[in-house]
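Per-entry structural report
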Amino acid sequence: MSDESEGGNLSETWYQKVLQDWDIDRLLTDLESRIQKRYRQNTKKDLLLGLLCGYSLTKISQDLYRDNAGVRVVLSNIYRDIETLTGEPDNSVRSSNLICILERHGYRRGVAVPHNLPSPTYTEFIGREADMKKLLERLLPMHGAHMITVHGIGGVGKTALVLAAAYVCLEASNENSSDAPKFDAIIFTSAKQQELIPDMILQRQQGQRNLREIFRVIANALNDSTIIQSPPNDQFERVRQCLSKQRTLLIVDNMDTIEDRDEVIEFLYNLPICVKVVITTRERIALLPISLRNLPLNDGLQLIQQQAEEKGITIQDEDSSLLYDRTGGIPLAIVYALGQVSSGYSLNFVLKQLASATGDVARFCFEKSVQNIEGQPPHKLLMSLAIFPDSPIQAAVAEVAGLTSAPDSVNNGLVRLQQLSLVNLNSETKRYEMLSLTREYALAQLAAYPDFEKEVRKRWVKWYLNFAYRYGGEDWENWIHYDRLKEEEGNLRAVLYWCKNQDHYAEVRDLWLLLNHYANLYAYWNERLDWLEWLIEQSERRGEWSSLVKFMIRKTWLLIRECSPQSLTQADEILQRAWVLRDHADSYVQADLAESMARLRIRQNNYTDARHWLMVEEKLVIDANLEERQHIRYFIPVLYHRAEIFYSEGEYFSTKKLFQDVMKSAEKINWHRVINSAQNWLADIAIEQGDRDEAQKLLIKGLTVAESSNNKRRLARYQRSLARWEKKWGSAQKACQLSTQAFNGFEQLGMTRDAQEMQTLLDCP
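Anyway, here's the lowdown on the structure attached to this text. Remember, it's a predicted structure, so these values are computed and weren't measured experimentally.

The next point concerns the overall build of the chain. Within the chain, the regular secondary structure consists of 38 helices and nine strands. Against the compact-globule benchmark of 27 Å for 765 residues, the chain has a radius of gyration of 38 Å, which places it well outside the compact range. With the principal axes as the frame, the chain shows a C-alpha extent of 135 × 65 × 50 Å. The burial tally for the chain puts 53% of its 765 residues in the buried class. Excluding contacts between residues fewer than 6 apart, the proportion of contacts in the chain whose partners are at least 24 apart in sequence is 67%. Here the chain has roughly 35400 Å² of accessible surface; of this, 47% comes from carbon and sulfur atoms.

Moving on, we come to the packing of helix α31 (residues 607-623) against helix α32 (residues 628-648). Between two packed helices, the angle of one axis relative to the other and the distance separating the axes together describe the packing. Their axes nearest at 10 Å, the elements α31 and α32 cross at an angle of 165 degrees. On the basis of the axis angle, α31 is roughly antiparallel to α32. Crossing angle aside, the handedness with which α31 passes α32 is left-handed. Only H631, Y634, F635, P637, V638, H641, R642, I645, F646 and S648 of α32 make contact with α31, whose side of the interface consists of Y607, A610, R611, L614, M615, E617, E618, V621 and I622. The residue inventory of the contact of α31 with α32, partitioned by class, reads 12 nonpolar, three polar and four charged.

Let us now look at helix α18 (residues 377-385). Here α18 lies mainly inside the structure; seven of its nine residues are buried. Every buried residue of α18 is accounted for by P378, H379, L381, L382, M383, S384 and L385. Elements that come into contact with the buried residues of α18 comprise α17 (360-371), α19 (394-401), α20 (407-419), β9 (432-433), α21 (436-447) and α22 (450-471).

Our next topic: the sheet that holds strand β5 (residues 248-253). An order of β2-β5-β6-β1-β7 is seen for the five strands of this open sheet, with the pairing classed as parallel. Where the open sheet ends on each side, the last strands, each with one partner, are β2 (185-190) and β7 (289-291). Sheet twist, expressed as the mean angle between neighbouring strand axes with direction ignored, is 15 degrees. Bridge count for β5 against strand β6 (residues 275-281) is five bridges, and the pairing is parallel. When the bridges of β6 are listed, L250 appears paired with V277.

On to the pairing of strand β1 (residues 147-151), then. In terms of burial, β1 is a largely internal element, five of the five residues being buried. Pairing of β1 with β6 involves five bridges; the strand directions are parallel. Looking across to β6, one finds that M147 is bridged to V277.

Below, the discussion takes up the side chain of R601. Note on placement: R601 falls in helix α30 (residues 587-603). We classify R601 as buried; its relative accessible area is 7%. A polar atom in the side chain of R601 sits 2.8 Å from the side chain of Q604. In this structure R601 touches D572, Q576, N606, D609, A610 and W613, once residues within four positions along its chain are discounted.

So, how was this worked out
Residues numbered from 1 in each chain as written. Predicted model: local features only at pLDDT ≥ 70, side-chain atom pairs only at ≥ 80, totals over all residues. Heavy atoms only, no water. Helix = DSSP H or I, 4+ residues; strand = E, 2+ residues; numbered from the N terminus. Rg over C-alpha atoms; globule rule 2.2 N^0.38 Å. Buried < 20%, exposed > 50% of the residue type's maximum accessible area, 1.4 Å probe, protein only. Contact = heavy atoms within 4.5 Å. Areas by Shrake-Rupley, 256 points an atom, 1.4 Å probe, with all protein chains shown as cover. Axes fitted to C-alpha atoms, helices over the stretch in contact; angles between N-to-C directions. Parallel < 35°, antiparallel > 145°, perpendicular 65-115°, else oblique. Left-handed = near helix turned anticlockwise from the far one by under 90°. Nonpolar A, V, L, I, M, F, W, Y, C, P; charged D, E, K, R; others polar. Pairing = 2+ DSSP bridges. Polar contact = N/O pair within 3.5 Å; in protein donor to acceptor, adjacent residues only side chain to side chain.

Here you go:
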């Protein structure tokens, strides 16, 4: 009786001790509710109180006057009950982790989670929603990830993302709120050597750059001096023991500047499963990586506005967009730039400095990474990539870098650049992408090697000349490959402009002749007339009369298509002069010249003169003795323009017959554009003759082809014909919509008269 009374008093003492730190009443209530058994009037309660006091099995047995074996059985039952209550895996709860598990599930009163997180440098973390969600999911205990890496170029926001996630976990752990991951300790270590502030790159004197310094931070964060007091060879095991008692989030910031990196990674890899490790690094490590790239436009603009408001700066929307473009959406560059503005520098000055390879931003973001590859194949590939304004394919990069004979160097080099976060391979397009800030730095690097740059530019021009030769030319030969030209349009333009600026006339001439049909028919190149004017001047200055005639013809082709009184007058003058020089050109070029004369006269409604020039064109085609396919190609325009004249004269029977002949001839050489155009004319004839169903059938079929081939002129003309069909037989609203689309298309193509006709159609009730 005496023993029982003493045991009861002891149990009450334990209860009062536990009550200070634990919500014991709620715990007992939850246990009873969950397992449907009483705990308060049960031996289990006393044993549970002893465990929460931190006592061992032996002490509990002695204090309660019970044998060890019996207590061990009851304790085992308690562990199973705790698993049922908390949802922990079977047989996972033990005396060593019981307190940790109950703390995690919120039964301990207001115990602040120890941490050493640095203060945030922002009032609100902007963007990165998908990356944040992914990181928090991987930090959950049920996720198998033990080590997580966040990698990206310097300044992209790796540390900011990880710290923002750590603070979410800290709040959830302290308040037992939300579904966010919860930890018993959060430890931050950083090997960062530099910080970028508005005035300079600040060298950091403190930092954990080796394993021993990381141990010291862990010891300080956990307030456990035994780690440092242990002999050096025993410290690793002591850290493991300390961390195994609790769920810990360990952040290792800036892994790429750690001195004994392999030793640190080995240490992190062998930590207990209850420790989640997050590593930030500029260099990609194959440990469940999260790759950060530049902020999307909307997030970048939001960050600009936030920083401007915090710094008391007023920035216009146009300037915000310019700043986003110049920084490439790199958060650190945005913060730095606005910090400079708040210090008194003008925005224009700051934007100029951002593009400087010797500026603070470029040096902070790229200098160390590029130093590690200088003079090696990855460095050559990086500098070569920079001259492509649009993302190139691997074959182009390898050729321009001069590494086609070393495919392994190319593959390994591009992988290395991706590991360093200097370039990114788009998984969908298979093209190598580079941020604008990276490009500026790489171009400055290229300029520092003038001999290499000269060879790079030479190979760049040659590659695109060969590319255009393969996929360009006239659309009756290569139209099916024009999609390839579309993919490389930005790079092709860049080559043209660079060659022009360097006065490389021959390269511009050859490349333009290959791209002429694509630029005129399948793209909106507003500067076409400027290019042709330059080529006319240069070919005349050099006495290249045959090229001069070709460029004159191509310029008048655009002027006639514009069809304004001024453009037709100018075309007439150029064609008269070109006719004088015709003997310098081949017979098929002279046939093109005669066709241009006929086209001009048709636009001037001078059908008699137009027929004369078509007869001249026909004779030139016959006299040229072309092989069969070429003969058909150059004879088709004669039939086509004769049919066009008949249409203008209202001779629809003759028009229809000739356009049917045009289609038959075009089908022989697979000239799909002309087939599509002839169908449009036949549909217009059907509309004029009141054949509603035939017109609709031809227009629907032809519009589909025009859309799929991306021929801008044909698409606008089909929209015009469909607008006329809808106005005559269909929906007035649809007619208005199609007329507007056609008007916009003609406007973009510079086809003045056609645009005016569509405006007239829109204005008619």
